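Chain by chain, the residues:
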Amino acid sequence: MGIRKRWVSGLLGVLFTGTVIAQGHHSFEIKDGQFIYDSKPVQIHSGEMHYARIPAPYWRHRLQMIKAMGLNTVATYVFWNYHNPSPGVWDFTTGSHNLREFLRIAKEEGIFVILRPGPYACAEWEFGGYPWWLLKDTSLVIRAYNQPFLDSCKTYINKLAEQVKDQLVSKGGPIIMVQVENEFGSYVSQRKDIPLAEHRRYNEAIHQLLINSGLTGPFFTSDGSWLFDGGSLPNVLPAANGEGDVENLKKQVNKYHNNQGPYMVAEYYPGWLHHWAEPFPNIPTKQVTEQIEKYLKNDVSFNVYMVHGGTNFAFTSGANYDKDHDIQPDLTTYDYDAPITEPGWASPKYLAVRELMKQYVKYPVPEIPAQMPVITLPPIQLSQSMDVFDWKKTIKPVMADTPLTFEALNQGHGYVLYSKKFTQPVQGNLQVNGLRDYAVVYIDGKKVAVLNRMNKQYTATVNIPANGTLDILVENMGRINYGSEIVHNNKGIISPVLINDKAITGNWNMYKLPFTQQPVVRSGKQIEGKAALYSGTFTVTKPGDVFLDLHSWGKGIIFVNGHNLGRYWQIGPQQTLYLPGCWLKTGTNRMVVFEQLNEHIKPEIPTVQKPVLTELKKAVDN
């Protein structure tokens, strides 16, 4: 589709009533306590949506959904690791990596863009958006005034700027504002071991890198209002996250912004993030509409985080932690209980907010676009299979005296099978205190234990015979994306394996299973209890969105036509995986499943009409 020569502006104000305006250069400023577009004061009604979490063919539909909810702006993070998967490798062109195409569609649809380039994003995204391979440089200190880190940030920011600096509103594009760093005040409060002056020096360095790259703003920072002291910058607008008290918002912004506005809530939460093995959080519709109306009545600009969450496809989901859990991995779905659901449907929350916005805004609110079609299929039969030990025979291992981390193996994501043969029998207490994050333990191919960093299960009783083999299949469940522990994000086995407190050294073999591509399954004998690959084909007459029902499966990942749909896990609360219809073909389609637990598996996957995201099983599998 070609670029239209004229586009609809959605910004609110006397100037904007939804009429078609000529394409060209415009101005957007933060001036005299207001947002000013082409010399007229405006308010920002934004919704957060991350292009990386949505298949590119669905971008236009989701942007139309945002506009039909009564919003005029979309905010999006740019995830550094999404565009820079390995050193020197950049992708701004394929599929959902094509940021310029996303910006072009937003402009065509008359929606302005708030760009949140980081380089730190959080967003429940793997490593908060940082590339995993930064961890390989031991001289580099994440999120600090450290020259190797700043040099890496400079490379990223300059590469990004090459793609988007001509998309600033002053150049005729849709980008009206650019964020500096992200929630840095939170990090300052968590890292009191670093002097405040050094924190501020780092924050300003990122600001300057953005300016030098050609991303000239206007800029803002984003933090809880009680954290402005650590996260704000001189002469940069501080916007508040999660602030419901309008008077407090104004008081805090005034304190750090020359005693004037404009006033903006950079993240208003109509839902919340969700972890495996925890209840799916919900926020009542009435609570959401009452808060948004408070902003509208008081001329407070806002960004609904998330207006549409989408999906953490492949290995993109991140993780948190707390005092009870050494890791809290995020679900594959990023539905977020947002107004626009994971598959792009208008929820009751959406409809209520839309009616509210229509009462207040002065621009026309378009009709809701038609929902993407949904199909169900006969149970998908997986007729080919191969267990992990047959697969192991086809892989050349890396050998070392002790287990190596994923990073030392030059692997970012997926799994590693750690294997050690014992010439003498040994029995007792196996300790894998350096487990990152989940492991299935085998002795001579028989499963004997599951270890899990989430519930601090690092030990198991083992009885290894003479000439027996210990195999530990380790999964990276997503790097921590928030908090002080973000600097400790190596994966795999990061310290010696012990049996009865004695380090087991010598002749460890490591088999890399990164799943960067859909594997080929050679039909073989599949044995219950061993991790296994399953494969099969299915026929589609007319493609549409599909929800795969994983109730009867254990834990693993699924590929369809080369697309990694992400993780499933029987503990819930998510029990389905979303398969976008745009990834299906009329005719024959291929599915590959890697199932880690493989207990009582009937090798077929049914489909259902709706996603199941709130069904929590009580027990964490062991």
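Colleague: Is there a simple way to think about the overall build of the protein in this case?
Modeller: When helices and strands are tallied, the protein shows 11 helices and 37 strands. For 622 residues, the compact-globule estimate of 2.2 N^0.38 gives 25 Å, and the C-alpha radius of gyration of the protein, at 25 Å, lies within 12% of that figure. Dimensions along the principal axes, computed over C-alpha positions, put the protein at roughly 80 × 60 × 40 Å. Partitioning the intrachain contacts of the protein with sequence separation of at least 6 by distance along the chain shows that 79% fall at a separation of at least 24. The protein carries 60 positive and 56 negative side-chain charges, and their two centres are separated by 4 Å.

Colleague: Help me understand the nonpolar core in this model?
Modeller: Generally speaking, soluble globular proteins have nonpolar side chains that are buried together. Among the nonpolar cores identified, the biggest contains 144 residues, and Tyr130, Ile292, Leu548, Ile558 and Met591 are the most heavily contacted of them. If you tally residues by element for this core, the top one is helix 4 (residues 147-164), at eight residues. Formed by 34 residues, the second largest nonpolar core is a distinct cluster that contains Met386, Leu533, Val592 and Leu597.

Colleague: Help me understand the sheet that holds strand 20 (residues 426-431) in this model?
Modeller: Strand order in this open sheet of four strands is 24-20-27-28, and the pairing throughout is antiparallel. The sheet is open, and its two borders are formed by strand 24 (459-464) and strand 28 (502-503), each paired with just one other strand.

Colleague: I'm lost on the environment of Trp132 in this one. Help?
Modeller: Along the polypeptide, Trp132 turns up in the loop between strand 8 (112-116) and helix 4. Distance in space between the C-alpha atoms of Trp132 and Ser186 is 22 Å, their sequence separation being 54 residues. With residues near it in sequence (within four places) discarded, Trp132 still touches Pro85, Phe127, Glu407, Asn410, Gln411, Gly412, His413 and Arg479.

Colleague: Help me out: how do you make sense of the packing of aromatic side chains in this one?
Modeller: Pairs of aromatic rings are described using the distance from one ring centre to the other and the angle between the two planes. Across all of its chains, the model carries 38 aromatic pairs by this definition. Relative to Trp583, the ring of Phe313 has its centre 4.7 Å away and its plane inclined at 55°; by these criteria the two rings are tilted. On the criterion of sequence distance, the pair formed by Phe313 in the loop between strand 13 (301-304) and strand 14 (319-322) and Trp583 in the loop between strand 34 (576-579) and strand 35 (587-595) is long-range, its members being 270 residues apart. Taken together, a centroid distance of 4.9 Å and an interplanar angle of 75° make the contact between Tyr415 and Phe594 edge-to-face. Pair noted here: Tyr415 is in strand 19 (residues 415-422) and Phe594 is in strand 35, with a separation of 179 residues, a long-range link. The pair formed by Tyr415 and Phe594 is uniform in burial state, with each residue classed as buried. Aromatic rings pair up to connect Trp80, Tyr120, Phe127, Tyr130, Phe149, Tyr156, Phe184, Tyr187 and Tyr202 into one cluster. Sitting above the plane of the Phe422 ring, Lys420 keeps its charged end 5.7 Å from the centroid. Note that Lys555 overlies the ring of Tyr438, its terminal NZ or CZ placed 4.5 Å from the centroid.

Colleague: What should I look at first to understand the confidence of the model for the protein in this one?
Modeller: In low-pLDDT segments, the atomic positions of the prediction should not be examined closely. Put simply, the protein has an average pLDDT of 95, and 95% of its residues get 70 or more. Throughout residues 1-22 the model reports pLDDT below 50, and contacts reaching past four residues in sequence, or to other chains, amount to 69 contacts.

Colleague: Explanation requested: helix 8 (residues 246-256) in the structure shown.
Modeller: Note that an α-helix has 3.6 residues per turn; residues three or four places apart therefore point the same way. For helix 8, the full list of buried residues reads Val246, Leu249, Gln252, Val253 and Asn254. Structurally, helix 8 contributes buried residues whose contacts are with helix 7 (228-231), strand 11 (237-241), strand 12 (264-268) and helix 9 (285-297). Capping of helix 8 at its N-terminal end is provided by Asp245; its side-chain oxygen lies 3.1 Å from the backbone amide nitrogen of Glu247. Of the residues trailing helix 8, Asn258 is marked for its positive phi of about 55°.

Colleague: Explanation requested: the sheet that holds strand 34 in the structure shown.
Modeller: The pairing of strands in a sheet comes from backbone hydrogen bonds and takes either a parallel or an antiparallel form. The strand order across the open sheet built from three strands is 34-31-37, with neighbouring strands paired in antiparallel fashion. For this open sheet the edge positions go to strand 34 and strand 37 (607-608), each flanked by a neighbour on one side alone. Direction of pairing for strand 31 (residues 546-549) relative to strand 34: antiparallel, over a ladder of four bridges. Within strand 34, the residue paired with Asp549 across the bridge is Thr576.

Colleague: Can you help me understand the packing of helix 9 against helix 10 (residues 348-360) in this one?
Modeller: If you want to describe how two helices pack, look at the angle between their axes and the distance between the axes. Relative orientation of the contacting elements helix 9 and helix 10 amounts to 20°, with a least axis distance of 10 Å. Compared by their axis directions, helix 9 and helix 10 come out roughly parallel. For helix 9 against helix 10, the interelement crossing comes out right-handed. Only Pro348, Lys349, Ala352, Val353, Leu356, Met357 and Tyr360 of helix 10 make contact with helix 9, whose side of the interface consists of Thr285, Val288, Thr289, Ile292, Glu293, Leu296 and Lys297. Class assignment for the residues of the contact of helix 9 with helix 10 results in nine nonpolar, two polar and three charged.

Analysis parameters
- Residues numbered from 1 in each chain as written.
- Predicted model: local features only at pLDDT ≥ 70, side-chain atom pairs only at ≥ 80, totals over all residues.
- Heavy atoms only, no water.
- Helix = DSSP H or I, 4+ residues; strand = E, 2+ residues; numbered from the N terminus.
- Rg over C-alpha atoms; globule rule 2.2 N^0.38 Å.
- Contact = heavy atoms within 4.5 Å.
- Lys, Arg positive; Asp, Glu negative; His and termini not counted.
- Charge placed at Lys NZ, Arg CZ, Asp CG, Glu CD.
- Core = buried A, V, L, I, M, F, W, Y, C linked by side-chain atoms within 4.5 Å.
- Buried < 20%, exposed > 50% of the residue type's maximum accessible area, 1.4 Å probe, protein only.
- Pairing = 2+ DSSP bridges.
- Phe/Tyr/Trp six-rings, centres within 6.5 Å; stacked < 30°, edge-to-face > 60°.
- Lys NZ or Arg CZ within 6 Å of the ring centre and 35° of its normal.
- pLDDT = per-residue confidence, 0-100.
- Polar contact = N/O pair within 3.5 Å; in protein donor to acceptor, adjacent residues only side chain to side chain.
- Axes fitted to C-alpha atoms, helices over the stretch in contact; angles between N-to-C directions.
- Parallel < 35°, antiparallel > 145°, perpendicular 65-115°, else oblique.
- Left-handed = near helix turned anticlockwise from the far one by under 90°.
- Nonpolar A, V, L, I, M, F, W, Y, C, P; charged D, E, K, R; others polar.

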